Amino acid sequence: MTKRMLIKNGTIFTASDTFSADILAEDGKICRLGPGIEPSAGDTVIDAAGLEIYPGGIDAHTHFALPFMGAVSPDDFETGTVAAACGGTTAIVDFVIPGKGQKLAAAVAAWHEKAMGKAAVDYGFHMALPEVNAEVLADIPGVVAEGISSFKCFMAYKGALMIDDDQLLQVLGAAKENSALVSVHAENGDMLTHLMKRFAGEGKTGPEYHALAHPAEAEGEAAHRAIVLAGFAGAPLHIVHLSCDEALREVQAARVRGQLVLAETCPQYLLLSDELYKKNGFEAAKWVMSPPLRHVLNQDKLWNGLRDGFLQSVATDHCSFNFKGQKEMGKGDFLRIPNGIPGVGDRVNLLYTYGVRSGRLSRNQFAAAIATNAAKIFGMYPGKGTVAVGSDADLVIFNPARAGEVSVKNSRHNVDYSAFEGFKLDGLPAFVISRGQVVAEYGKFTGKKGHGRYLKRKKFDVREWGF
Ligand code: URP
Ligand code: ZN
Ligand code: ZN
């Protein structure tokens, strides 16, 4: 039987337009947009008078159930996507990270296993390449054919995930040949290792030394190097979790030169600062992540970068670990604190309050940052990332008049703290809709585990970016 949903009286904000229209969805897709659409018997009807309708959020950077640094991140594809849904996100893209010597296809199969039957919203995969050799390069076309058209290369985590410049060049060449996109974790791994060793040798073991061992200069240098290598290879480049002005300036300079360099930042870099490492004793381990939180002066630069289009999207890099028992493994040795923070359920709300309501972003820029640009970068547009006839009925409908607060008490993340505890929210998602089904209502999950489908993503299209 055809399932229909009618959303009446709302104002719709896409990345490019603002308009009033009713939305009719049939079998999960938007089939009509316009004034005065009347319901038929059996339709689910939502009155969106006074509410703001946006494309459902896309978080293109998550790590669910990831074995990392001696721990497994507790948010899996069920709890992670339920939290996503409750927080306005209707699609995520998680990183497949192959183990040592593991075939890429086997790693993809393992990730499908983790997600299948569990995800509450749609999901895709990126492929991380912690090892690069002839066999891995030969497997790239097969991975792209499976709908994984983006590859993450680590310039940090020396001795674990890091690859060298020769290998990065090989990946850039192979990705270009296959119309895939290379994303980089841009930090100079040698510089970080040098600093980690130095601090360890001086008996400096607290979590604040994690930040000092990951200076902004190391990120700026790696961003510069990745951009030069991508330019030399004639390949597009995407920089993940960009945290500081040093790296942003490199992106800006590349774009001004006419090079196709795209970048994402995260709510933590827009809203939190390295002051958290100075005043919390070992509790600062809650915010140990790579790159680390930066000096507060970076925040305005990143907001401006987002507003001006040098940063296209905001993702979370959700990689949650419990403080008790997991972060605590690094008591007395910051090198053993698993890196990462929770955030998949907070991203859209934080961006709405601290971006839109504080006047830093227009509502159209907000739509672009939470959804549209990620959809375009990662081959999901226009099926996702917009509100248009033929697109999936993935929507987040905000009530600007409802207030809230981020807290571990109301969080759906499966961890024992919130990275954004106490942040006030000015406006909340009233309804979150995934393919025409209400999956969350005012933070309450109303969807179904297993509703989420795998997203076979298209190849990277340089024309989307005017190249
Ligand atoms: O600290 C972080 N970012 N953990 C997740 C792994 C990564 O580098 O994205
Ligand atoms: Zn990374
Ligand atoms: Zn990450």
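Bringing the site of ligand 1 into the picture now. What surrounds ligand 1 is a group of 14 residues, the closest being Lys152, Tyr157, His185, Ser290 and Asp317. Measuring from an oxygen atom of ligand 1, one finds a side-chain N or O atom of Lys152 at 3.0 Å. Separating a nitrogen atom of ligand 1 from a side-chain N or O atom of Asp317 is a distance of 2.6 Å. Comparing atom positions with the cavity grids shows ligand 1 to sit within the largest cavity. Its residues assigned to classes, the shell around ligand 1 shows five nonpolar, seven polar and two charged.

What follows deals with the packing of aromatic side chains. Tallied over the full model, the rule gives 19 aromatic pairs. Taken together, a centroid distance of 4.9 Å and an interplanar angle of 85 degrees make the contact between Tyr54 and Phe366 edge-to-face. Placement of the pair is Tyr54 in strand β5 (residues 52-55) and Phe366 in helix α13 (residues 363-377), with a sequence separation of 312 residues. The exposure class assigned to Tyr54 is buried, which follows from its relative accessible area of 0%. Relative to Tyr454, the ring of Phe125 lies with its centre 5.4 Å away and its plane at 40 degrees, an arrangement referred to as tilted. Note that Phe125 is positioned in strand β10 (residues 122-128) and Tyr454 in the segment after β19 (444-445), a separation of 329 residues in sequence. Exposure remark for Phe125: the relative accessible area of 0% places this residue in the buried category. Through pairs of rings, three or more aromatic residues link up here, namely Phe13, Tyr54, Tyr352, Phe366 and Phe398.

For the zinc ion (ligand 3), the full set of protein donor atoms is His61 (NE2), His63 (NE2) and Asp317 (OD), and the range of their distances to it is 2.0 to 2.1 Å. For the zinc ion (ligand 3), the four donor atoms are set out with angles of 87 to 135 degrees between them, so the coordination reads as tetrahedral. We note that the donor set of the zinc ion (ligand 3) lies within a single chain, spaced as H-x1-H-x253-D. A spacing of 4.0 Å is found between the zinc ion (ligand 3) and the zinc ion (ligand 2). Of this pair, His63 sits in the loop between β6 (57-62) and β7 (67-68) while Asp317 sits in the loop between β15 (313-314) and α12 (347-357), and the two are 254 residues apart along the sequence.

Among the seven residues of β10, seven are classified as buried, and the element is accordingly described as predominantly covered. Because side chains alternate across β10, one face comprises the buried residues Asp122, Gly124, His126 and Ala128, and the other comprises Tyr123, Phe125 and Met127, equally buried. Bridge count between strand β9 (residues 89-96) and β10: six bridges; the pairing is parallel. In the strand pairing of β10, Asp94 is matched with Phe125. Each parallel crossover has a hand, and for β9 linked through helix α2 (residues 104-115) to β10 it is right-handed. Looking at chain direction, β10 and strand β11 (residues 150-154) are connected through two bridges and run parallel. Paired with Met127 across the strands is Phe151, a residue of β11. Once you follow β10 into helix α3 (residues 134-145) and on to β11, the crossover reads as right-handed.

Quick notes on the rules
- Residues numbered from 1 in each chain as written.
- Chains lettered and ligands numbered in written order.
- Predicted model: local features only at pLDDT ≥ 70, side-chain atom pairs only at ≥ 80, totals over all residues.
- Heavy atoms only, no water.
- Near = heavy atom within 4 Å.
- Polar contact = N/O pair within 3.5 Å; in protein donor to acceptor, adjacent residues only side chain to side chain.
- 1 Å grid on protein atoms, 1.4 Å probe; cavity = no way out; pocket = protein on both sides within 12 Å on 5 of 7 lines; lining within 4 Å.
- Sits in = over half its atoms within 2 Å of the grid points.
- Nonpolar A, V, L, I, M, F, W, Y, C, P; charged D, E, K, R; others polar.
- Phe/Tyr/Trp six-rings, centres within 6.5 Å; stacked < 30°, edge-to-face > 60°.
- Helix = DSSP H or I, 4+ residues; strand = E, 2+ residues; numbered from the N terminus.
- Buried < 20%, exposed > 50% of the residue type's maximum accessible area, 1.4 Å probe, protein only.
- Donors = N, O, S within 2.8 Å, 3.2 Å for Na, K, Ca; no water.
- Tetrahedral: all angles 85-135°; square planar, octahedral: opposite > 155°, others 65-115°.
- Pairing = 2+ DSSP bridges.
- Right-handed = clockwise from strand over helix to strand, strands pointing away.

Geometric descriptors of this kind do not, in isolation, establish any biological role.
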